[in-house]
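Observations on the three-dimensional arrangement
Below, each chain spelled out in residue letters.
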Amino acid sequence: MNKLGIAAFAAASLLASVATAQVSELRIMAPAGPGGGWDQTARTIQSTLQSEGLVPNIQVENVAGAGGTIGLQQFVNRSSGDPAATIVGGYVMVGAIIANDSNVTLNDITPLARLTGEYVVVVAAADSPINNAEDLAAAMRDNIGGVTWAGGSAGGVDHIAAGLFAQAAGVAPDEINYIPYSGGGEALAAILGGQVTVGVSGFSEFSSQIEAGAVKVIGITATERQDYLDAPTFAEQGFDVDVQNWRMIAAAPGISDDERAALLDVIETMASSDTWNAELETKGWVNTYLAGDEFAAYLEEEIAATTAILADLGITE
């Protein structure tokens, strides 16, 4: 590196360190109960920032209910202009806001970054006659009500993935026979017990049964194959199904550009750290970091696409 390059690097490092130093306190709201994905995300952010020495004082608060919209409402009402206030959320919150016709939306906060993502997999019992996406599509075209789907809450990411597959298969999404279960364990029991045709959930919910050979993967909702799963995507089988259960962090409304920049600097440093990525590997999460204006644009696209598919599913008008 020449002298000019060294000087530029030193200046950039100095600016980054100054921005980081400005964040001495952070409060993270997890708009869900302890133990769930958003709570785990918030506490992993907390432990990583502390381990990396990026923010000395961090607290996590849980406010559960209504797909994150109760916490979001509280966050917006009490945190305007507060640079220490942040909230985690994700794709489930996008759907919950639309389905619940929430008074507050993601437009009322300051998006910072998408942090992690988990693609959705569709599985069938090992002895099922359905072996691939075309088999599943053919069964739905023949008798859509006879194909039962086990997944999470109605209008959630699992339901949306099923709806997107229905669209790609050329059948009406609002006619699919979708059975919501309160947890992945219940859905898995229904699959293994032959009570449903297929199950749909995040990869981590089914990973142990996939590895054991108790269920087989019909497809995954990624655009390209994933290193952690030896199975085809729906896209490579000719079905345009692209959805992931992503998680994000956002700041309060009304903060300054400098305050937003300082928070973005801290989050970017965290997301590139060995500590953070080791935690993600342990939890089976994928680093899908996307920040700033690019994430804000992505969020707008996700809101528009989710609004459309929820209407097609008959969840909203």
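See the structure printed just above.
The following refers to the structure shown. Not measured: the values here are computed from a predicted model.

1. Concerning the pairing of strand S10 (residues 247-251)
Of all five residues making up S10, five are buried, and the element is well covered by its neighbours. Residues Arg 247, Ile 249 and Ala 251 point to one face of S10 and Met 248 and Ala 250 to the other, with burial holding for every one of them. Strand direction decides the pairing type here: strand S3 (residues 85-90) and S10, joined by five bridges, are antiparallel. Looking at S10, one finds that Ile 87 is bridged to Ala 250. Both strand S4 (residues 110-117) and S10 contribute to a ladder of five bridges, which runs antiparallel. Residue pairing in the sheet places Arg 114 in a bridge with Met 248 of S10.

2. Quick look at helix H11 (residues 292-312)
Helix length check: H11, at 21 residues, gives a terminal C-alpha distance of 31 Å against a target of 30 Å (1.5 Å per residue), a fit within 8%. Within H11 the residues assigned to the buried category are Gly 292, Phe 295, Tyr 298, Leu 299, Glu 302, Thr 306, Ile 309 and Leu 310. Axial view of H11: buried residues confined to an arc of 105 degrees, hence all on one face. Seen from the open side of H11, the exposed residues pointing more than 90 degrees away from its buried face are Asp 293, Glu 300 and Glu 301. Among the residues trailing H11, Gly 314 stands out with phi positive, at a value near 85 degrees.

3. Some remarks on the side chain of Ser 273
Examined against the element boundaries, Ser 273 turns out to sit in the loop between helix H9 (257-271) and helix H10 (274-283). With relative accessibility at 6%, the residue Ser 273 sits in the buried group. For Ser 273, the contacting residues outside a window of four places in its chain are Thr 48 and Glu 52.

4. Some details on helix H3 (residues 69-79)
Side chains of residues three or four places apart in an α-helix project in the same direction, reflecting 3.6 residues per turn. All of the buried residues along H3 are Thr 69, Gly 71, Leu 72, Phe 75, Val 76 and Ser 79. Relative to the axis of H3, the buried residues are bounded by an arc of 155 degrees and lie together on one face. Contacts made by the buried residues of H3 are with strand S1 (25-30), S3, helix H4 (91-99) and S10. Following H3 by one or two positions, Gly 81 has its phi on the positive side, about 80 degrees.

Thresholds applied
- Within every chain, residues take consecutive numbers counted from 1 along the sequence as written.
- With pLDDT at 70 or above as the cut-off, local features in this predicted model cover only qualifying residues; side-chain atom pairs require 80 or more to be listed or tallied, and sums for whole chains, interfaces and linings still use all residues.
- Excluded from the side-chain calculations are hydrogens and water; all other atoms, namely the structure's heavy atoms, are used.
- Whether a residue is buried, partly exposed or exposed follows from its accessible area with a 1.4 Å probe, protein chains only, as a fraction of its type maximum: under 20%, in between, or over 50%, in that order.
- Secondary structure elements follow DSSP: runs of H or I of four or more residues count as helices, runs of E of two or more count as strands, with numbering from the N terminus.
- For two strands to pair, DSSP has to find at least two bridges joining them.
- Each residue after the first adds 1.5 Å to the expected span of a helix.
- Arc definition: directions from the helix axis to the C-beta atoms.
- A contact between two residues is defined here by any heavy atoms of the two lying within 4.5 Å.

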